[in-house]
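# Examining the three-dimensional arrangement
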There are 2 protein chains.
Amino acid sequence: MNAPIGVFDSGVGGLTVAREIMRQLPEESMIYFGDTARVPYGTKSKDTIVRYSRQIVNFLLSKGVKAVVIACNTASALALADLQELYNVPIIGMVQPGAIAAMNATKNKNIGIIGTNATIKSGQYGQYLRKLDPSVTVVTKACPLFVPLVEEGLIDDRITEDMVSRYLREFKQYDIDSLILGCTHYPLLINPIQRFVGDKVTLVNPAYEVAKTLKQMLAQRDMAASEDHTAKYEYYVSDMADQFLSFADKVLPCRVDQVQPVDIENY
Amino acid sequence: MNAPIGVFDSGVGGLTVAREIMRQLPEESMIYFGDTARVPYGTKSKDTIVRYSRQIVNFLLSKGVKAVVIACNTASALALADLQELYNVPIIGMVQPGAIAAMNATKNKNIGIIGTNATIKSGQYGQYLRKLDPSVTVVTKACPLFVPLVEEGLIDDRITEDMVSRYLREFKQYDIDSLILGCTHYPLLINPIQRFVGDKVTLVNPAYEVAKTLKQMLAQRDMAASEDHTAKYEYYVSDMADQFLSFADKVLPCRVDQVQPVDIENY
């Protein structure tokens, strides 16, 4: 089955997941959608996030995708279950693979999670982790300023260092040995976060495990593209196509020629 | 004419304008809409802001408003002209009154403007100021982190002081004597901004002038409510009604009992 994989995010962050899928599944075509008109999702209610995610899945299905990856932690935490009930196509989120990656990384079973307000409030990461191992200790913290700081380009900056230390200070008393970066923007802050938490804490980026889960799922269901298939990538956004294009060109290994606008409210 | 005034903003910021209208026009009823599902507008394109603003004006008209106030600088800067062409109802934005207030405040005709990326990029404030007085010198700066900082509650904080000094540093070399707070969130940062720019710079909040312009317009067109009319206020949002209610209760002089959700994409 050489049909494309549909990948979506509230904006550009999901491109870090798309990149990992391109690396691990080079023969799979991909349709990427970034909801740049309605970004961010991390401050919205479950109802709104489910409604927006449904419109996006409808759009991706209209493009003939064989599976959907929710490359956004907030939409994964709040909309995955609803979407899986509504659609027949297989849908993979970030949270379950992220939790598996954290269980693989931890030795002392004290796991930290950072994410948007909506992701942290949903408690989804904690639920999955406890399903995998009920004896795990989970410590969570919402970091709402991280996304605006990344988007303002303040990566290695004293203001970002200051916010990292404020948000992550509490983790110090819990002896965590792994920290889930539960928002696709956060891997861009790996340097200041690692400096603050120290080398003994493993930073867990769910993207790698998401691509691995996708690969396994496609193999199990006999849905993988043929080995000699040449992958094609298409990019769609709900707003600001030019800005998306310049960002995508920086993040992705292959040249992005075109980003097409979509009137997503009509889906 | 005792029909209500429609007031809208991308979220909660416009409540500072609503408050000023309540103060100056206590007999006018009001329908407030906050687009809390799709906030912020400051990072969106003109096309998207116009489309969203049209949906909102359609909604307000369905509630029988006699006039509309765009209580959002970004929507005013990017959508006012389009909306005025499309609708017969009088529509007032923030930019023209804000420019008038700045001209009244300045003595040396060196005026600074801060706002969102979209507002600053539009150049609308500068255009209006030059229309009022072609000899004016205009210095502008987008301050995209101010809104997230206010929403994170970091008002009197060293991080906010730091960002204020970074964004406003350039103004020091231009000898400005008045600074337009071109975003409804910014009046909440009056203290750190005034400390940095010094007492010789007047901070201009367009809200006062917007209410004054509205009052004049209603009088001229014989559309004002009767003097003995008891004003009624209704509040609508596209998401997160509870959060809006608790914020509105802090900002407004009267108790807010109810905030109603609206599926704004259907208008």
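Residues numbered from 1 in each chain as written. Chains lettered and ligands numbered in written order. Predicted model: local features only at pLDDT ≥ 70, side-chain atom pairs only at ≥ 80, totals over all residues. Heavy atoms only, no water.

## So, the interface of chain B and chain A
This is how it is decided: What makes two residues a contact is simply this: any of their non-hydrogen atoms within 4.5 Å. Accessible area that two parts lose when put together, evaluated with a 1.4 Å probe and summed over both, is termed the buried area. Salt bridge, as applied in this entry: a Lys or Arg side-chain nitrogen positioned within 4 Å of an Asp or Glu carboxyl oxygen. Pairs of N or O atoms within 3.5 Å make up the polar contacts considered here, provided that, within protein, one atom can donate a hydrogen while the other can accept it, and that residues adjacent in sequence are counted only when both atoms are side-chain atoms. Secondary structure elements are taken from DSSP: a helix is a run of H or I of four residues or more, a strand is a run of E of two residues or more, and numbering for both begins at the N terminus. Following the grouping adopted for this structure description, the nonpolar residues are Ala, Val, Leu, Ile, Met, Phe, Trp, Tyr, Cys and Pro, the charged ones are Asp, Glu, Lys and Arg, and the polar ones are all others, Gly among them.
On the side of chain A, 29 residues touch chain B, which itself brings 29 residues to the contact. Carbon and sulfur atoms make up 43% of the area that chain B and chain A hide from each other, which totals about 2,400 Å². In this assembly, chain B and chain A are joined by eight salt bridges. We note a salt bridge from Arg38(A) to Glu265(B), for which the minimum N-O separation is 3.1 Å. For the pair chain B and chain A, the number of links is 16 residue pairs in polar contact (both at pLDDT 80 or more). For the side of chain B that touches chain A, the secondary structure elements donating two or more residues are helix 2 (46-62), helix 7 (146-151) and helix 8 (158-168) of chain B. Ranked by residues supplied to the side of chain B that touches chain A, first place goes to helix 8 of chain B with six residues. Residues belonging to the side of chain B that touches chain A are distributed by class as follows: 13 nonpolar, five polar and 11 charged.

## Some words on the relation of the copies chain B and chain A
Applying a rotation about an axis and a shift along it to one chain copy brings it onto the other copy. The criterion, for reference: For the least-squares superposition of copies, only C-alpha atoms count, and only for residues with pLDDT at least 70 in both.
For the pair chain B and chain A, the superposition axis carries a translation of 0.0 Å, the fit reaches an RMSD of 0.0 Å, and the rotation angle comes to 180°. One copy is carried onto the other by what is essentially a two-fold rotation axis. Across chain B, the smallest distance between a C-alpha and the rotation axis is recorded for Arg38(B), namely 2.6 Å. By residue overlap, the copies meet face to face through one surface: 100% of the interface positions of chain B are interface positions in chain A.

## Considering the UniProt feature "binding site: substrate" (unreviewed entry) in chain A
Residues and elements named next belong to chain A. Defined as follows: UniProt positions are given in the numbering used here, feature names are shortened, and annotations may be inferred rather than shown by experiment. For every residue, the accessible area (1.4 Å probe, protein chains only) is compared with the maximum for its type, and the residue is labelled buried under 20%, exposed over 50%, or partly exposed between those bounds.
In the numbering used here, UniProt assigns the "binding site: substrate" (unreviewed entry) feature to Asp9, Ser10, Tyr41, Gly42, Asn73, Thr74, Thr184 and His185. For the annotated residues, spread through 177 residues, the largest C-alpha to C-alpha distance comes to 12.5 Å, consistent with a single compact locus. Excluding residues that lie within four positions of it along the chain, glycine 42 makes contacts with Thr74, Thr116, Asn117 and Ala118. Checked against the element boundaries, threonine 184 lands in the loop between strand 7 (178-182) and helix 9 (190-197). Overall, threonine 184 belongs to the buried group, its relative accessible area being 6%. If near-sequence neighbours (up to four positions away) are discounted, threonine 184 is found in contact with Asp9, Gly13, Gly14, Thr16, Val17, Ala71, Asn73 and Met94.

## Observations regarding the environment of Tyr52(A)
Mapping Tyr52(A) onto the fold places it in helix 2 (residues 46-62). In this structure the C-alpha to C-alpha distance between Tyr52(A) and Ile264(A), which are 212 residues apart in sequence, comes to 8.4 Å. Tyr52(A) has contacts with Asp35(A), Arg38(A), Tyr41(A), Lys44(A), Ala37(B), Arg38(B) and Glu265(B), leaving out every residue within four places of it along the chain.

## Here we look at the layout of surface pockets
Residue and element names in this part refer to chain B. To keep things clear, this is the line we draw: Both cavities and pockets are sets of points on a 1 Å grid over the protein atoms alone; in a cavity a 1.4 Å probe fits but cannot get out, in a pocket the set is open with protein on both sides within 12 Å along at least five of seven lines, and lining residues sit with an atom within 4 Å of a point. Grid points are joined across faces, edges and corners, and a volume is the space filled by probe spheres set on the points. For each domain, the first and last residues come from an automatic or database assignment.
The volume enclosed by the second largest pocket comes to roughly 320 Å³. What lines the second largest pocket is a set of 18 residues, and nearest its centre among them are Gln84, Ile91, Ile92, Gln96 and Thr213. Every element with two or more residues in the lining of the second largest pocket is listed here: helix 3 (73-86), strand 4 (91-92), helix 4 (95-105) and helix 10 (206-220). The element contributing the most residues to the lining of the second largest pocket is helix 10, with four residues. For the lining of the second largest pocket, the class distribution of residues is 10 nonpolar, seven polar and one charged. Of the residues that make up the lining of the second largest pocket, three or more belong to each of domain 1 (5-93 + 208-266) and domain 2 (95-206).

## Points about the packing of aromatic side chains
Under the convention used in this document: A pair of aromatic rings is counted whenever rings of Phe, Tyr or Trp (Trp by its six-membered ring) have centres within 6.5 Å, and the orientation is called stacked for planes under 30 degrees apart, edge-to-face for over 60 and tilted otherwise. Our definition puts a charge over a ring when NZ of Lys or CZ of Arg is within 6 Å of the ring centre and also within 35 degrees of the ring normal.
For the structure on display, the rule yields 14 aromatic pairs over all chains. Summarising the aromatic geometry, the rings of Tyr32(B) and Phe244(B) are spaced 5.7 Å apart at their centres and angled 35° between planes, so their arrangement reads as tilted. Here Phe244(B) lies in helix 11 (residues 241-251) and Tyr32(B) lies in strand 2 (residues 30-34), a separation of 212 residues in the sequence. Comparing Tyr32(B) with Phe244(B) shows no difference in burial state: the two are buried. Ring plane angle 85° and centroid distance 5.1 Å describe the contact between Phe146(B) and Tyr167(B), whose orientation is recorded as edge-to-face. Pair noted here: Phe146(B) is in helix 7 and Tyr167(B) is in helix 8, with a separation of 21 residues, a long-range link. Side by side, Phe146(B) and Tyr167(B) carry an identical accessibility label, which is buried. Every member of this aromatic cluster is reached through a ring pair, and the members are Phe33(A), Phe59(A), Tyr236(A) and Tyr267(A). The ring of Tyr52(B) has Arg38(B) lying over it, and the distance from NZ or CZ to the ring centre is 3.6 Å.

## Some words on the UniProt feature "active site" (unreviewed entry) in chain A
All names here are of chain A. The UniProt record marks Cys72 and Cys183 with the feature "active site" (unreviewed entry), using the residue numbering of this structure. A maximum C-alpha distance of 6.9 Å among these annotated residues, which run over 112 residues, shows that they cluster at one spot. Locating cysteine 72 in the fold gives a position in the loop between strand 3 (67-70) and helix 3 (73-86). If we skip the residues at most four places from it in the chain, cysteine 72 touches Phe8, Asp9, Ser10, Tyr41 and Met94. Topologically, cysteine 183 is positioned in the loop between strand 7 and helix 9. The class of cysteine 183 is buried, set by a relative accessible area of 8%. In this structure cysteine 183 touches Asn73, Ile114, Gly115, Thr116 and Val147, once residues within four positions along its chain are discounted.

## Quick notes on the sheet that holds strand 5 (residues 110-115) of chain A
Residue and element names in this part refer to chain A. Here is the rule we go by: Here, strands pair whenever DSSP counts at least two bridges between them. Only the stretch in contact is used when fitting a helix axis, every axis being a line fitted to C-alpha atoms; angles between N-to-C directions are given from 0 to 180 degrees.
The sheet built from four strands is open, its strands ordered 6-5-7-8 with parallel pairing. Every other strand in the sheet has two partners, leaving strand 6 (137-142) and strand 8 (202-204) as the edge strands with one partner each. Mean inter-strand twist for the sheet, computed between neighbouring axes without regard to direction, equals 20°. Examined bridge by bridge, strand 5 and strand 7 share five bridges and lie parallel to one another. Residue pairing for strand 7: isoleucine 114 is matched across the bridge by leucine 181.

## Digging into the pairing of strand 3 (residues 67-70) of chain B
Residues and elements named next belong to chain B. Where burial is concerned, the two faces of strand 3 agree: the one with Ala67 and Val69 and the one with Val68 and Ile70 are both buried. Direction of pairing for strand 3 relative to strand 4: parallel, over a ladder of two bridges. Paired with valine 68 across the strands is isoleucine 91, a residue of strand 4.

## Section: the packing of helix 4 (residues 95-105) of chain A against helix 6 (residues 124-132) of chain A
Residue and element names in this part refer to chain A. Spelled out, the test is: Here roughly perpendicular refers to angles of 65 to 115 degrees, roughly parallel to angles under 35, roughly antiparallel to angles over 145, and oblique to all remaining angles. Two helices cross in a left-handed way if the nearer one is turned anticlockwise from the farther one by less than a right angle. They cross in a right-handed way if the turn is clockwise.
Between helix 4 and helix 6, the shortest axis-to-axis distance is 9 Å and the interhelical angle comes to 55°. Accordingly, the angle class assigned to the pair helix 4 and helix 6 is oblique. In the crossing of helix 4 with helix 6, the sense of the turn from one axis to the other is right-handed. Residue-level inspection shows Val95, Gln96, Gly98, Ala99, Ile100, Ala102 and Met103 of helix 4 in contact with helix 6, the latter providing Gln124, Tyr125, Tyr128, Leu129 and Leu132. A per-class count over the contact of helix 4 with helix 6 returns nine nonpolar, three polar and no charged.

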